[in-house]
Structures are given as C-alpha cells and as structure tokens.
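So you can see what is in the structure, the chains are spelled out below.
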Amino acid sequence: MHRLRALIVMTAVAVLAARGIRAQDVKAFEQNLTVHKLPNGLTVLIYRRPVAPVFSFFTFADVGAAQEVPGITGLAHMFEHMAFKGTSVIGTKDFAGEKVALDKVDAAYHAYDAERRSASPDAAKLDSLKKAFKDAQDAADNYIEKNEFSTIVDRAGGVGMNASTNSDQTVYFYSLPANKVELWAYLESSRFYDPVFREFYKERDVVMEERRLRTESTPGGRLIEQFDATAYLAHPYKQPVVGYMSDLQSFSREDAVAFFKKYYVPADLTIAIVGDVKAEEVIPLVDTYFGRIPAGPKPDTLRTVEPKQTAEKSVTLVDPSQPVYMEAYHRPEDTHADDPVYDVIAGVLSSGRTSRLYRSLVRDKKIAAGAAAFNGLPGTKYPTLIVMRAVPTPGHTNQEVQAAIREQLTRLQNEPISDDELKSVKTRTRAALIRSLDDNEGIAQQLAFCQARYGDWHEMFKSVDKLDKVTKEDVMRVAKATFVPTNRTVGMIESADAAMAAK
C-alpha cells in the first residue's frame, strides 16, 4: 500500500475505531468540520479538535514534478527549498536595496549562463563572468536577515516546520499554540502573496549537491532514475523530482517566478487547520490574509497520457555493489475503482512476515535478504506502477529472485487468496491505522489531501469502505489483467564482480 494512501485509510480507521459506531462518528466529524472557500478559489478546512491548546496546518499545493517540462526539471522541488526564505518584509534588512541587488544577480547570472552555454565559451571571459555573478550574490546577501521566517515561528512556539515535494504535490506544514492563529494566517498567506526568492542560486547549488548525494552517488538512486525513465515512455513521471543536472545548472530565478505564478495560485491550494480552533474565529482571519492573494486560473490538466505499454522493457546496471532486483507493472491512478484491490495485492505479497514474498523468498528459499511490494512509483495522481523489489542473498542471483516473484504473481492470477489472507491484510491495515495516527498534523494532512485529490474530504471514510469490499475474485481479476509480460518493466543491479566472473 503506497504511503499516502495508507495514511488516509489509517486516519479514517483511527477516527472510527476511537469513537465507535461509524455513521455516528462521520456525523460527529462533520459537526466539527467547516469547509470554507474564498472568492479567489482557495479552499480551507477547519476541524475543531480541542484536546490541547495547539493546532497544526497542512498546505497542499496541487503541483509537483509532473508539471515540469524539459529544461526546468527540478523546479517544483526548488519551492520546497525556497519555502521559508521570507517576503519583502520578512528576511530583509532593506527590501528596496535588496531588490536592486537581486536584479543585478539575475543580470550577472544570465551573462554568465549565456557564455557557459555558447557554442565556444571563452575560458577567461567565463571566469570573469562567474566571478561577477558570485560578487553580485555576495552583495545581495548583505541585505538578508538570515532565517527570520523560521525565527518568528520558533519564538511563537512553532514546531515541526517543514515542506516536501514529490511528483504530484508540494506541501508545507508545522504546528503552533492555539493563540497564534492570526500569526499563522499572516505568515502562511505571505508565502503565496509576497514571496521573495532570495538566495535562489545558492539553494540551487544545494539541490545539485542533493542530486549528487542521493542519486548519482548511490546504486539505488541510479537504479530508480533509470527504472522510471525506462518504465515511462511519455508521461512526466519519467523525470526525476530532483531534476536533471543540466536543468539544475541552467534554470533561473525568473523561471521559478514564472512557474510559481502559473501553478501556485489559490485555485491550486487547499489548506487544512486542525486543533483547538473555532471556525467562526478562523474564517475572518483567513478571509483577511489569504484573501489578499490574487485569483488566477486553475492550471490546465496534463495533456500527455502514458501510452499503453506493448513490450516488456528492462534496464540493467553493472555496479560494484550488491545485486538488486525490481519489476513493475503499470496500474491505474489512485482515484480508480481498483485502487483498493492493488492495496490488497501489495498487502498479501508484502505485509509482514506471513506475507507471500517474505515466506517464499526470505524464509523458505533463503534467496533474498528482503522482499517487498508497493504501489505508487513515482506518484499516485496519474496512472502509476505496482512494484516488486528484492535483494538477493550472497550466492544467489537476480534471476532466482525473479523466478520466485513471478511464481507468486502467477499464484495470484490462478488461485484465490485465502480467507485468512484477505482478513489478515485488512486487520493489519486497521491495526497499523489505529496505532499510527491520531494527531492534529496527521488529520490535517489527510483532510487537505482528500479534498484536493478527490474533491471531498469524506474520502477519508469512503476509502475504508472500499477496502472492506475487496474480494478474492477482485484480486484474481486485477492480477490477471496487470501481471502480463507486455506490461512489465524489469530493473536490476548486477554486481560488477559477478559480471566479470561470468565473462
């Protein structure tokens, strides 16, 4: 079960389990929840949960790496890094002077970048332009009040301040004392009303280092990038969230501003605030501060649809590391009616030590140190992948692991799973749900996600019903349609030593 989907079900079941009868709980939940939509298109959900004098919020921007085009890959991820850089008021000693300095940074960058990407760059000129670019950044830095945004939040008692990006969305979140709602409304709305992308190129350097560290320097990172690029022919899911190095070296602060204006509009934003808050007190503050953000048209949906795969594809990396095996099959997006069936399949294969992959590959055959199945690589908003992954033990091969995995997939196609397996997957899900989430931040996350993705926060509860309705016949039907060779992509790391020995 992919992570975000699991968390949705977790929250729903946790709420239901904690309060008893489902229908009454949904009604009680509704009584404490207010959905407020501003004239500019922004949606805010306010859930009163007065268990402690605090609140959490979760801002969901319906834009991720899938909205990028060649040349600007990695740009959505930049907004995670720019999340707390401040505004024309916060984070600056003198914005009038800083604005002039930032314009000089942009001009110096474009002069340097044009020479760098020219047909025949002059080395001496390039060095001179690079120095001028660095000097302009240093001059702009003199105007910065470092970390002022986070300092304000810290002094107000804020905790857990963070942001993240993936292929589908960008999110921002933290928690504050309940008497700081107006401060939150001012700070969070300013992020979208008056952002200043200061230190942009320094943060771009940080992202380039992140790419070197997580993708280029690790066998797993290299495999995943190649695997996604192989599995997807046309859809932007083939692009890495962190971006290609050539794009990171080339896109500009103006590119970021243009991307921000197009996609981070109120119609693309959903915010959930959960805790000791009252809707009648929050709504006027939301109207005052978030109402400042100009309306903009909701961005068009993606035009490119991944074409049906018609032949098996594979990619093999020969690397001085231990072997790793992956195989994946295309499946529908998470709003599809069969989404819970894929969750059950992943659970039967991979949930716990009684799961089929663990028992077969790890416990009985002892050919893998670990084995797993999961949904949602690299995203869930658009048609995605269900993935099987295993690491062979010393002396065993990817080919042995492959045969054992396919034996289990064939079983799913030809034999009904047992009543105990189906019951176990559902029970395990519920047990995990009840244990894992019962806090303001988790509920805020699910409310914002469900409202943005499904257009209805009630999906938190509906997803539980959908999982309950999955049958053994559903599992066989979906397995037969999905696990076919022409829908398969294989990726593996072969040990360089083994490859040499085989020659």
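Predicted, not measured: the structure shown is a model, and the values here were computed from it.

## Observations regarding the pairing of strand β1 (residues 33-37)
And then number 1: With five bridges joining them, β1 and strand β2 (residues 43-48) adopt antiparallel strand pairing. By the bridge assignment, H36 is partnered in β2 with V44.
And then number 2: Counting the residues that bridge the hairpin from β1 to β2 gives five residues, and of these G41 lies at a positive phi of roughly 105°.

## Focus: the pairing of strand β6 (residues 269-275)
And then number 1: Among the seven residues in β6, seven count as buried, and that is most of the element.
And then number 2: Alternating positions in β6 separate into two faces, L269, I271, I273 and G275 on one and T270, A272 and V274 on the other, with burial throughout.
And then number 3: With six bridges joining them, β2 and β6 adopt parallel strand pairing. Paired with Y47 across the strands is V274, a residue of β6.
And then number 4: Where strand β3 (residues 54-61) and β6 come together, seven bridges link them in antiparallel fashion. Across the sheet, A61 pairs through a bridge with L269, a residue of β6.

## What to know about the packing of aromatic side chains
And then number 1: Summed over the entire model, instances satisfying the criterion amount to 32 aromatic pairs.
And then number 2: Seen from their ring centres, Y329 and F483 are 5.0 Å apart, and the 75° between their planes marks the pair as edge-to-face. Of the two residues, Y329 sits in strand β8 (residues 324-331) while F483 sits in the loop between α19 (472-482) and β11 (488-495), which places them 154 residues apart along the sequence.
And then number 3: Here Y329 falls in the buried class, since its relative accessible area comes to 1%.
And then number 4: Residue classification places F483 among the buried residues on the basis of a relative accessible area of 6%.
And then number 5: Aromatic rings pair up to connect F79, Y172, F192, F197, F259, F260, Y263 and Y264 into one cluster.

## What to know about the sheet that holds β2
Across a sheet, strands are paired by hydrogen bonds formed along the backbone, either parallel or antiparallel in direction.
And then number 1: The six strands lie next to each other as β1-β2-β6-β3-β5-β4, forming an open sheet whose pairing is mixed. The open sheet has two edge strands, β1 and β4 (159-165), and neither has a second partner. Neighbour to neighbour, the strand axes of the sheet diverge by 10° on average, direction disregarded.
And then number 2: By the bridge criterion, five bridges tie β4 to strand β5 (residues 170-177) in an arrangement that is antiparallel. Bridging across to β5, S164 finds its partner in V171.
And then number 3: Across the sheet, helix α12 (residues 279-290) touches β1, β2 and β6, and the angle it forms with β1 is around 20°.

## Here's the deal with the pattern of salt bridges
Close approach of charged atoms allows side chains of opposite charge to pair.
And then number 1: Scanning all chains against the criterion turns up 38 salt bridges.
And then number 2: With its nearest N and O atoms 2.8 Å apart, the salt bridge here joins D113 to R116. Of this pair, D113 and R116 both sit in helix α4 (residues 95-116), three residues apart, roughly one helical turn.
And then number 3: Judged by its relative accessible area of 3%, D113 falls in the buried class.
And then number 4: The partner of R406 in a salt bridge is E327, and the shortest N-O contact between them spans 3.0 Å. Highlighted residues: R406 in helix α15 (residues 398-414) and E327 in strand β8, separated in sequence by 79 residues. When sorted by exposure, R406 lands in the same class as E327, which is buried.

## Some words on the packing of helix α13 (residues 339-350) against α15
And then number 1: Look at α13 against α15: their axes get within 12 Å of each other, and the N-to-C directions meet at 130°. With respect to α15, the axis of α13 lies oblique. Relative to α15, α13 is oriented so that their crossing is right-handed. Contact residues: α13 offers I345, V348 and L349, while α15 offers Q408, L409 and L412.
And then number 2: Tallied by class, residues from the contact of α13 with α15 come to five nonpolar, one polar and no charged.

## Examining the side chain of S250
And then number 1: Tracing the backbone through its elements, the reader meets S250 in the loop between α10 (245-248) and α11 (253-263).
And then number 2: Once you skip the residues sitting within four places of it in the chain, S250 turns out to touch Y109, D113, R116, R117 and R204.

Reading guide: rules and limits
- Residues numbered from 1 in each chain as written.
- Predicted model: local features only at pLDDT ≥ 70, side-chain atom pairs only at ≥ 80, totals over all residues.
- Heavy atoms only, no water.
- Pairing = 2+ DSSP bridges.
- Helix = DSSP H or I, 4+ residues; strand = E, 2+ residues; numbered from the N terminus.
- Buried < 20%, exposed > 50% of the residue type's maximum accessible area, 1.4 Å probe, protein only.
- Phe/Tyr/Trp six-rings, centres within 6.5 Å; stacked < 30°, edge-to-face > 60°.
- Axes fitted to C-alpha atoms, helices over the stretch in contact; angles between N-to-C directions.
- Contact = heavy atoms within 4.5 Å.
- Salt bridge = Lys/Arg side-chain N within 4 Å of Asp/Glu carboxyl O.
- Parallel < 35°, antiparallel > 145°, perpendicular 65-115°, else oblique.
- Left-handed = near helix turned anticlockwise from the far one by under 90°.
- Nonpolar A, V, L, I, M, F, W, Y, C, P; charged D, E, K, R; others polar.

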